[in-house]
Amino acid sequence: MAELYERNAEAEAYIALGSNMGERDKLLMDAIERIDAHPEIRVLRVSGIYETEPVGYTDQPSFLNMAIAVSTTLEPLALLREQLEQERLLGRIRHERWGPRTIDLDLLLYDNVRMDQEELTLPHPRMMERAFVLVPLHDVISDSHPLHEGVQAASYAALREGKEGITLWKTINWRSASEPFGS
Ligand SMILES: Nc1ncnc2c1ncn2[C@@H]1O[C@H](COP(=O)(O)OP(=O)(O)OP(=O)(O)O)[C@@H](O)[C@H]1O
Ligand SMILES: Nc1nc2c(c(=O)[nH]1)N=C(CO)CN2
């Protein structure tokens, strides 16, 4: 799949972030700044920070969740590996599945790429059922994205129903520190 991309072609991708240990908002913003500092990734838009009840394993602290839109010349697996490296650098220790974590970075969408490998499945297989993904994603997804309407409808429904207790915790004014590619 990734081979379909010409070298240096820019793709638009969406990443979900979550934290429920330590200084949660600082960890999220650190992760975003580190991603933006990568020479082949530019953070275009940043969602609000939302507080959410834990989903899955519920006996753990509440999460702060966000989403970002990025432009990148990395291929999908390289982008995922960069995210995993940033998780590692920010001190993520893996315990149980769906358990507490300092930082979690999930790749939601990469252009219109569909792939189904153990290391990377796109679109993210659980994204449409999670308010903690859909509501922040709606803040940053492009109006012209094929999933925009579906994400919008599911996000509004989640907010109406108070799904996962989601509430806006803080808004962010984002300005990328990196130059657009090719400038
Ligand atoms: N779209 C994707 N985004 C992130 N990781 C993915 C994706 N598809 C597959 N993976 C693989 O899943 C592995 C485990 O990811 P992780 O520990 O973040 O899961 P989780 O956050 O506990 O659960 P969930 O996947 O339900 O969010 C990663 O090492 C990665 O290789
Ligand atoms: N509210 C919330 N719950 C979760 C989250 C998360 O980011 N937010 N991440 C999980 C593992 O991906 C499991 N449960």
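Preceding this section is the structure that the text describes.
Below you will find a few notes about this structure. (Residues numbered from 1 in each chain as written. Chains lettered and ligands numbered in written order. Predicted model: local features only at pLDDT ≥ 70, side-chain atom pairs only at ≥ 80, totals over all residues. Heavy atoms only, no water.)

### What to know about unusual backbone geometry
Here is step 1: The omega torsion across Leu 122 and Pro 123 is -15°, close enough to zero to call that bond cis.
Here is step 2: As for its position among the elements, Pro 123 is in the loop between β7 (121-122) and α3 (131-140).
Here is step 3: One non-glycine residue, Asp 111, adopts positive backbone phi at about 40°.
Here is step 4: You can see Asp 111 is positioned in the loop between β5 (104-110) and β6 (115-116).
Here is step 5: For Asp 111, a relative accessible area of 24% puts it in the partly exposed group. (Helix = DSSP H or I, 4+ residues; strand = E, 2+ residues; numbered from the N terminus. Buried < 20%, exposed > 50% of the residue type's maximum accessible area, 1.4 Å probe, protein only.)

### Comments concerning the site of ligand 2
Here is step 1: Close to ligand 2 lie 10 residues, the nearest being Thr 52, Glu 53, Val 55, Asn 65 and Asp 104.
Here is step 2: Between a nitrogen atom of ligand 2 and a side-chain N or O atom of Thr 52, the distance comes to 2.8 Å.
Here is step 3: In this structure, an oxygen atom belonging to ligand 2 sits 2.8 Å away from a side-chain N or O atom of Asn 65.
Here is step 4: With the chains in place, 96% of the 340 Å² that ligand 2 exposes on its own is no longer accessible.
Here is step 5: Each residue belonging to the shell around ligand 2 can be placed in one class, and the counts come to five nonpolar, two polar and three charged. (Near = heavy atom within 4 Å. Polar contact = N/O pair within 3.5 Å; in protein donor to acceptor, adjacent residues only side chain to side chain. Areas by Shrake-Rupley, 256 points an atom, 1.4 Å probe, with all protein chains shown as cover. Nonpolar A, V, L, I, M, F, W, Y, C, P; charged D, E, K, R; others polar.)

### As for the pattern of salt bridges
Here is step 1: Scanning all chains against the criterion turns up five salt bridges.
Here is step 2: A salt bridge links Arg 24 to Glu 51, with the nearest nitrogen and oxygen atoms 3.1 Å apart. Taken together, the positions of Arg 24 in helix α1 (residues 24-37) and Glu 51 in strand β3 (residues 49-52) put the pair 27 residues apart, joining distant regions of the chain.
Here is step 3: On the basis of relative accessible area, Arg 24 is assigned to the buried category, the value being 19%.
Here is step 4: Asp 30 is paired through a salt bridge with Lys 26; the nearest N and O atoms lie 3.3 Å apart. In this pair, Asp 30 and Lys 26 are both assigned in helix α1, four residues apart and thus about one turn of the helix distant.
Here is step 5: You can call Asp 30 partly exposed: its relative accessible area is 25%. (Salt bridge = Lys/Arg side-chain N within 4 Å of Asp/Glu carboxyl O.)

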